[in-house]
Amino acid sequence: PFNISKDSLFINVGERTNVTGSARFARLIKEDNFEAALEIAQQQVDNGAQIIDVNMDEGMLDSKAAMIKFLNLVASEPSISKVPIMIDSSKWEIIEAGLKCLQGKSIVNSISLKAGEEEFKEQAKMCLKYGASVIVMAFDEKGQAESLIRKKEICERSYNILVNDVGFPPQDIILDPNVFAVATGIEEHNTYGIDFIECCRFIKDNLPGALIS
């Protein structure tokens, strides 16, 4: 588990080293200006980020090569690599390439039951092998969980598979019950906020050790 104070209730994740979260970072990576991009990571740590999220998923990039190059640079900077790195990608090959670059405990963002149990287990086993924590999306073969019932169902199923079948440490599981837009004015969205909060309560009451994104 991360060396986080037992009294801490909230962990900040810096998302500026994410090509989909920062236009400046994306431009620097496309221009192959990795030194300047590294300064963004440093600024996030200096400003209080306790985890750095790195995402290179962009159609105009060789995302795998960019992930490897950037993480190797991060690893050479003690003032940045002192915080855990969250490897963020929709492509498993990029996540695995990132895991091979990092020492210590990292976080994989993310895995889910979207493609079924077998792929989910295989990816979880690889994360376990590399010593990484995992963010687990509330997503299964039927799609993304919107209702409270579905959120509970997928979170509980994912947790049980990870703990009982894979042998994953519960404290290294970070469940994401899906935050959707609130106050949209659309009637069927009216319970989105409370459903998320109630699912968080369910996780804390019923899935011991699991954290929440």
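Refer to the structure printed above.
Our subject in this report is the structure included herewith. Since we're looking at a predicted model, the values are computed, not measured.

### Section: the packing of aromatic side chains
Tallying each qualifying case throughout the model produces 2 aromatic pairs. Consider the rings of Phe25 and Phe70, whose centres lie 5.4 Å apart with planes at 80°: the pair is edge-to-face. Residue Phe25 is found in helix H1 (residues 23-30), and its partner Phe70 is found in helix H3 (residues 63-75); the two are separated by 45 residues along the sequence. Exposure remark for Phe70: the relative accessible area of 0% places this residue in the buried category. Centroid distance Phe180 to Tyr192: 5.0 Å. Interplanar angle 40°. Geometry classified as tilted. With Phe180 in the loop between strand S8 (173-176) and helix H8 (192-206) and Tyr192 in helix H8, this residue pair connects regions lying 12 residues apart in the sequence.

### A few points about the side chain of Asp140
The topology assignment puts Asp140 in strand S6 (residues 139-140). By relative accessible area, Asp140 is classed as buried at 2%. Reaching out from Asp140, the side chain makes a polar contact with the backbone nitrogen of Lys142 at a distance of 2.9 Å. At 2.8 Å, the side chain of Asp140 forms a polar contact with the side chain of Arg150. With residues near it in sequence (within four places) discarded, Asp140 still touches Leu113, Lys114, Arg150, Glu153, Ile154 and Arg157.

### A closer look at the pairing of strand S3 (residues 85-88)
Side chains of S3 alternate between two faces, with Ile85 and Ile87 and Met86 and Asp88 buried alike. One crossover worth recording links S3 to the parallel strand S4 (residues 107-111) by way of helix H5 (residues 92-99), and it is right-handed.

### Quick look at helix H6 (residues 117-129)
A rise of 1.5 Å per residue sets the reference length of H6, with its 13 residues, at 18 Å; its end C-alpha atoms lie 18 Å apart and thus fit the reference within 8%. The set of residues buried in H6 consists of Phe120, Lys121, Gln123, Ala124 and Cys127. Packed against the buried residues of H6 are H5, S4, strand S5 (133-137) and helix H7 (148-166). Downstream of H6 by a residue or two, Gly131 has a phi angle that is positive, lying close to 75°.

### A short note on the pairing of S4
Consecutive side chains along a regular strand alternate between the two faces of the sheet. In terms of burial, S4 is largely enclosed, as 4 of its 5 residues are buried. Both S3 and S4 contribute to a ladder of 3 bridges, which runs parallel. What sits directly across from Met86, in S4, is Ile107.

### A few points about the side chain of Lys121
The topology assignment puts Lys121 in helix H6. Non-local contacts of Lys121, meaning those with residues more than four positions away in its chain, are made with Ile161, Asp165 and Val166.

### Some words on the packing of helix H2 (residues 34-46) against H3
For the pair H2 and H3, interaxial distance at closest approach is 10 Å and the crossing angle is 60°. In terms of orientation, H2 and H3 fall into the oblique class. The handedness of the crossing between H2 and H3 comes out as right-handed. Residues Phe34, Glu35, Ala37, Leu38 and Ala41 of H2 touch H3, and the partners they reach there are Ala66, Lys69, Phe70, Leu73 and Val74. Grouping the constituent residues of the contact of H2 with H3 by class yields 8 nonpolar, no polar and 2 charged.

### With respect to the pattern of salt bridges
This structure, assessed with the given rule, holds 12 salt bridges. The partner of Glu58 in a salt bridge is Lys30, with the nearest N and O atoms 3.3 Å apart. Of this pair, Glu58 sits in the loop between strand S2 (51-55) and H3 while Lys30 sits in helix H1, placing them 28 residues apart in sequence. Between Glu117 and Arg157 there is a salt bridge, with its nearest N and O atoms 3.2 Å apart.

The rules we used
Residues numbered from 1 in each chain as written. Predicted model: local features only at pLDDT ≥ 70, side-chain atom pairs only at ≥ 80, totals over all residues. Heavy atoms only, no water. Phe/Tyr/Trp six-rings, centres within 6.5 Å; stacked < 30°, edge-to-face > 60°. Helix = DSSP H or I, 4+ residues; strand = E, 2+ residues; numbered from the N terminus. Buried < 20%, exposed > 50% of the residue type's maximum accessible area, 1.4 Å probe, protein only. Polar contact = N/O pair within 3.5 Å; in protein donor to acceptor, adjacent residues only side chain to side chain. Contact = heavy atoms within 4.5 Å. Right-handed = clockwise from strand over helix to strand, strands pointing away. Expected span 1.5 Å × (residues − 1). Pairing = 2+ DSSP bridges. Axes fitted to C-alpha atoms, helices over the stretch in contact; angles between N-to-C directions. Parallel < 35°, antiparallel > 145°, perpendicular 65-115°, else oblique. Left-handed = near helix turned anticlockwise from the far one by under 90°. Nonpolar A, V, L, I, M, F, W, Y, C, P; charged D, E, K, R; others polar. Salt bridge = Lys/Arg side-chain N within 4 Å of Asp/Glu carboxyl O.

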